[in-house]
Amino acid sequence: MPQDRPSLPEAQLALGQMFLDRGDFALATDHFAAAARGGDARGFNMLGRIHERGWGVPADAAQAAAYYRRAAEMGDAWAKFNLADLHCRGEGVARDDTVAFALYLDAAQGGHLKSLNMLGLLCEEGRAGLPDLAKAAEFYRAGAEGGDCWACLNHARLLLAEKRPADAAAFLSRAIETGFADVYRAIADTYGDHPDQRLAAVAAVAAGILME
């Protein structure tokens, strides 16, 4: 077999994503299920997404959690993140910030950048213990330096609180590079009328993208 030939689960995942993008949820589900049967954790994670979002099936957070848990036990970082999100919201599982924190931390240690931002939020809000702004700042910084757009926004916010507007503007610009509409809107709305022209300029860029 040629070394660059995708494995069967890889092919099933690619086909599943293709059909998901097209809105053919039934075929997407079939291919993700085939990948899961082939032992690929990502197949279980995507089945969880389908049931959480109600893509072609009734939304069922409990069923989604079961699929995420299966994938998380197999080591999938995205599944750990998704299961942590459910525990944060108390959807399909008990609301438990301690469990969520542990799952986010495990995912982050596996290189999952979005989990770093969520760890920062939990620390800042004191949802997994006493508020710890210093630890929150560390998580935000790590996520921002890795390129996560929401971590960039939160890191910039704390930098601004430290009266470091130039550094804050740099990370807002990085958020634009890796972000999407919700991120652009958050920057434009928050900093559009900021008295520091560096921040206002970044906000103008974000607003301009939204108008394209």
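Up top you'll find the structure we're talking about.
Residues numbered from 1 in each chain as written. Predicted model: local features only at pLDDT ≥ 70, side-chain atom pairs only at ≥ 80, totals over all residues. Heavy atoms only, no water.

Let's shift gears to the state of the cysteines. If you walk through the whole model with that rule in mind, you get zero disulfides. Cysteine C88 shares no disulfide, and the gap to the nearest cysteine sulfur, in C123, comes to 11 Å. Classification of C88 as buried rests on a relative accessible area of 8%. Look at C123 and you get buried, because its relative accessible area is 7%. (Disulfide = S-S within 2.5 Å. Buried < 20%, exposed > 50% of the residue type's maximum accessible area, 1.4 Å probe, protein only.)

Now for the packing of helix α2 (residues 25-37) against helix α3 (residues 41-53). Put simply, α2 and α3 touch, their axes get as near as 7 Å, and they point 145° apart. Relative to α3, the crossing made by α2 is left-handed. Contacts from T29, F32, A33, A35 and A36 of α2 reach α3 at G43, F44, M46, L47 and I50. (Axes fitted to C-alpha atoms, helices over the stretch in contact; angles between N-to-C directions. Helix = DSSP H or I, 4+ residues; strand = E, 2+ residues; numbered from the N terminus. Left-handed = near helix turned anticlockwise from the far one by under 90°. Contact = heavy atoms within 4.5 Å.)

Take the nonpolar core next. Counting 23 residues, the largest nonpolar core has F101, Y104, L119 and F139 as the members making the most contacts within it. Secondary-structure elements contributing two or more residues to this core are α4 (61-73), α5 (77-89), α6 (97-109), α7 (113-125) and α8 (133-146). Judged by nonpolar contacts, the second largest core, of 22 residues, contains C152, L159, F171 and V183. (Core = buried A, V, L, I, M, F, W, Y, C linked by side-chain atoms within 4.5 Å.)

Attention now goes to the packing of aromatic side chains. The tally for this structure, following the rule as stated, stands at five aromatic pairs. Between the aromatic rings of F25 and W55, the centroid separation amounts to 6.4 Å while the plane-to-plane angle is 10°, which identifies the pairing as stacked. One end of the pair, F25, is in helix α2; the other, W55, is in the loop between α3 and α4, with 30 residues separating them in the sequence. Given the relative accessible area of 28%, F25 is considered partly exposed. Following the ring pairs from residue to residue traces out a cluster consisting of W78, F81 and Y104. (Phe/Tyr/Trp six-rings, centres within 6.5 Å; stacked < 30°, edge-to-face > 60°.)

Taken as a whole, the largest pocket holds about 290 Å³ of empty space. If you trace the largest pocket, you find 16 residues lining it, with N45, M46, R49, W78 and N82 closest to the centre. Contributions of two or more residues to the lining of the largest pocket are made by α1 (8-22), α3 and α5. Top contributing element to the lining of the largest pocket by residue count: α3, with six residues. (1 Å grid on protein atoms, 1.4 Å probe; cavity = no way out; pocket = protein on both sides within 12 Å on 5 of 7 lines; lining within 4 Å. Points joined across faces, edges and corners; volume = space filled by probe spheres on them.)

Moving on, we come to the side chain of Q12. Tracing the sequence through the fold places Q12 in helix α1. In this structure Q12 touches H31, A34 and A35, once residues within four positions along its chain are discounted.

Its 13 residues give α3 an end-to-end C-alpha distance of 19 Å, which sits within 8% of 18 Å, the value for a rise of 1.5 Å per residue. Of all 13 residues making up α3, 11 are buried, and the element is well covered by its neighbours. Of all the residues in α3, the buried ones are A41, G43, F44, N45, M46, L47, G48, R49, I50, H51 and E52. Where α3 is buried, its residues meet α1, α2, α4 and α5. After α3 finishes, the residue G54 shows a positive phi value of roughly 70°. (Expected span 1.5 Å × (residues − 1).)

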